[in-house]
Amino acid sequence: MINVAFVCLGNICRSPMAELIFKNMVEERGLNLSFRITSFGTSDEEEGNPIYPPAKRTLLMHGIPGNHVAKQITLRDVKNNDYLLVMDSSNLMNLLRMTCGEYGGKIYKLCSFTPNPRDVADPWYTRDFEKAFADIEEGCKCFLEYLLKEKSEAFEYDKRH
């Protein structure tokens, strides 16, 4: 099983969007038995809150349902995930600082898997949830393609069941 966690600042916009988008992609390919997919925030300021309504509306407009409750990432969460996909450089620095760089080998910016590596701008500030959705969707698609190529043996169980 591959454990994937998406991380942003508050865990109410970008990372839950990424979690739900990636879950949808994985389910469409019949690979859901091979993954555990979650999301977190580096901050505790939104802990316990639902996904931000404009983010949820954007997901629903693209046919992606789902609910989410914000939670802050812990060192245990870092240790228990194979991939921690952050939305921007600030999230990356927060995780590296939190872990003293010890787990840097499994922390990536989501869009580093795309042909155009970049940050996913925070729609809380930009108000552009469509742009965030497009960047996250591309990042998730490219990350899944990377896994299918590099970790093909991890999907043998799904192929048999």
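Summary of the structure given here.

Cut-off values and rules
- Residues numbered from 1 in each chain as written.
- Predicted model: local features only at pLDDT ≥ 70, side-chain atom pairs only at ≥ 80, totals over all residues.
- Heavy atoms only, no water.
- Pairing = 2+ DSSP bridges.
- Helix = DSSP H or I, 4+ residues; strand = E, 2+ residues; numbered from the N terminus.
- Axes fitted to C-alpha atoms, helices over the stretch in contact; angles between N-to-C directions.
- Polar contact = N/O pair within 3.5 Å; in protein donor to acceptor, adjacent residues only side chain to side chain.
- Buried < 20%, exposed > 50% of the residue type's maximum accessible area, 1.4 Å probe, protein only.

## Description of the sheet that holds strand β2 (residues 35-41)
Spatially, the four strands line up as an open sheet ordered β2-β1-β3-β4, and their pairing is parallel. The sheet is open, and its two borders are formed by β2 and β4 (107-109), each paired with just one other strand. For this sheet, the mean inter-axis angle between neighbouring strands, taken without regard to orientation, is 25 degrees. Direction of pairing for strand β1 (residues 2-8) relative to β2: parallel, over a ladder of seven bridges. Bridge assignment links valine 4 to a residue of β2, and that residue is isoleucine 37.

## Some thoughts on helix α4 (residues 89-98)
The opening residue of α4, the one whose side-chain oxygen lies 3.0 Å from the backbone nitrogen of serine 90, is aspartate 88. Count one or two residues on from α4 and you reach cysteine 100, which has phi positive near 55 degrees.

## Things to note about the pairing of strand β3 (residues 83-86)
Neither face of β3 is open: one carries Tyr83 and Leu85, the other Leu84 and Val86, and all of them are buried. Here β1 runs beside β3; their pairing, made up of four bridges, is parallel. Residue pairing across strands places alanine 5 opposite leucine 84, the latter belonging to β3. Taken together, the three bridges between β3 and β4 define a ladder with parallel strand orientation. In the sheet register, valine 86 faces β4, and the bridge partner there is lysine 109.

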